[in-house]
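Chain residues, written in single-letter form:
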Amino acid sequence: MDLQFSRFEIVTGTGALFLGLVFVCVLLEAGRIQTEITTATREAVAREDLFWVGVEGRGRHVVLSGAAPDYPARERAAEIAAAVAGVASVENRIAVVGEAGTCQKRIDEYLADRRVTFKAGRAELSPASLPVLAMVAGIARGCGATIEVAAHTDAQGDAEINRKLSQRRAEAVARYLVQSGVHPEQLRAVGYGESQPVADNTTEAGRSENRRVEFRIIGERA
């Protein structure tokens, strides 16, 4: 049996072994980071006595689960998780129980395949949005909860102009809901501009997703 190896074979084999060791080290390091982030997130929510929060780590991505007593508690859990060192993103799958949770669920389910839209660059509702908002108003009238009308834009143009446009759009939606019988004190209109994207602003599809209106239950009405 010939056990002689060329210099090329030795160098190539050594390189492959080195790359393999590097790959293993990277995997081990990634696993260590994931474990540390998951543990730190669990400890952070535990310190706030959010015993109902479940935490699953996926690299630097954290998935929250469980059942919150109300919508603000759900959002608080996500804020705490996002503030943990090393966490790159948070997926909030926490369900909300009680009346506020029921209202949020009904609104979310209705809007799953529907959107509130406006005329381009304006705060004027498109005709197609009126029947959508009429149904949202019907749901809101049956809720004893405060609803935040949150309007968002894409990142094209000046950030401050976008924020002001989104504020006018949120107020336009709130006005229509009031005209449809929703109590004014039940609504809070907030324009977030381009500050809360849900998709990539470098693509038209992403920008279209970012131009949106959300309805968030933020607490029981006083």
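All figures in this text were calculated on a predicted structure; none of them were measured in a lab.

A separate point is the overall build of the protein. Helix and strand content of the protein: 6 helices and 7 strands. Listing the helices and strands of the protein from first to last along the sequence gives α-β-β-α-β-β-α-α-β-α-β-α-β. Counting over 222 residues, the protein shows a buried share of 36%. Long-range pairs, those at least 24 residues apart, make up 69% of the contacts in the protein with a sequence separation of at least 6. Entry remark: accessible area of the protein is about 12,800 Å², with carbon and sulfur atoms responsible for 57%.

Glancing now at unusual backbone geometry. At Asp49, a residue that is not glycine, the phi angle is positive and equals roughly 60°. On the secondary structure map, Asp49 appears in the loop between α1 (7-47) and β1 (53-58). What makes Asp49 exposed here is its relative accessible area of 53%.

Once that is clear, we can look at the nonpolar core. Core analysis: the biggest nonpolar cluster contains 30 residues, and Val116, Val149, Val173, Leu177, Val213, Phe215 and Ile217 have the highest contact counts within it. Looking at this core, the elements that each hand over two or more residues are α3 (98-110), α4 (129-141), β5 (145-152), α5 (159-179) and β7 (212-220). Of all the elements, α4 adds the most residues to this core, at 6 residues. Sequence-distant contacts of Val213, that is, excluding residues within four places in its chain, are made with Val116, Phe118, Val149, Ala150, Ala151 and Val173. Counting 19 residues, the second largest nonpolar core, distinct from the first, contains Ile37, Val45, Val55 and Val62.

Further remarks concern the pairing of β1. On β1, burial follows the alternation: Val53, Val55 and Gly57 on one face are buried, whereas Gly54, Glu56 and Arg58 on the facing-out side are not. As judged from the 6 bridges shared by β1 and strand β2 (residues 61-68), these two strands associate in the antiparallel manner. Its bridge partner being in β2, Val55 is matched across the sheet by Leu64. Count of turn residues in the β1/β2 antiparallel hairpin: 2 residues, of which Gly59 carries a positive phi of about 70°.

Once that is clear, we can look at the pairing of β5. A regular strand places its side chains on the two faces of the sheet in alternate fashion. Burial analysis of β5 places 8 of its 8 residues in the buried class, which makes it a mostly covered element. Side chains of β5 alternate between two faces, with Ala145, Ile147, Val149 and Ala151 and Thr146, Glu148, Ala150 and His152 buried alike. Relative to strand β6 (residues 187-193), β5 runs parallel, the two sharing 6 bridges. Bridged to Ala151 within β6 is Gly191. Between the parallel elements β5 and β6, the chain passes through α5 in a crossover that is right-handed.

Across its 13 residues, α4 extends 18 Å between first and last C-alpha, which sits within 8% of the 18 Å expected from 1.5 Å per residue. Residues of α4 that are buried: Ser129, Val132, Leu133, Val136, Ala137, Ile139 and Ala140. In an axial view of α4, the angular spread of the buried residues amounts to 160°, which keeps them on one side of the axis.

Once that is clear, we can look at the environment of Arg141. Take Arg141: it is sitting in helix α4. With relative accessibility at 46%, the residue Arg141 sits in the partly exposed group. Note: C-alpha distance between Arg141 and Leu177 (36 residues apart in sequence) is 9.4 Å. Once you skip the residues sitting within four places of it in the chain, Arg141 turns out to touch Ser180, Gly181 and Val182.

Across all of its chains, the model carries 16 salt bridges by this definition. Glu91 is the salt-bridge partner of Arg93, the closest N and O atoms lying 2.8 Å from each other. For Glu91, a relative accessible area of 28% translates into the label partly exposed. A salt bridge links Arg211 to Glu204, with the nearest nitrogen and oxygen atoms 3.1 Å apart. Residue classification places Arg211 among the partly exposed positions, given a relative accessible area of 30%.

Basis of the calculations
Residues numbered from 1 in each chain as written. Predicted model: local features only at pLDDT ≥ 70, side-chain atom pairs only at ≥ 80, totals over all residues. Heavy atoms only, no water. Helix = DSSP H or I, 4+ residues; strand = E, 2+ residues; numbered from the N terminus. Buried < 20%, exposed > 50% of the residue type's maximum accessible area, 1.4 Å probe, protein only. Contact = heavy atoms within 4.5 Å. Areas by Shrake-Rupley, 256 points an atom, 1.4 Å probe, with all protein chains shown as cover. Core = buried A, V, L, I, M, F, W, Y, C linked by side-chain atoms within 4.5 Å. Pairing = 2+ DSSP bridges. Right-handed = clockwise from strand over helix to strand, strands pointing away. Expected span 1.5 Å × (residues − 1). Arc of directions from axis to C-beta. Salt bridge = Lys/Arg side-chain N within 4 Å of Asp/Glu carboxyl O.

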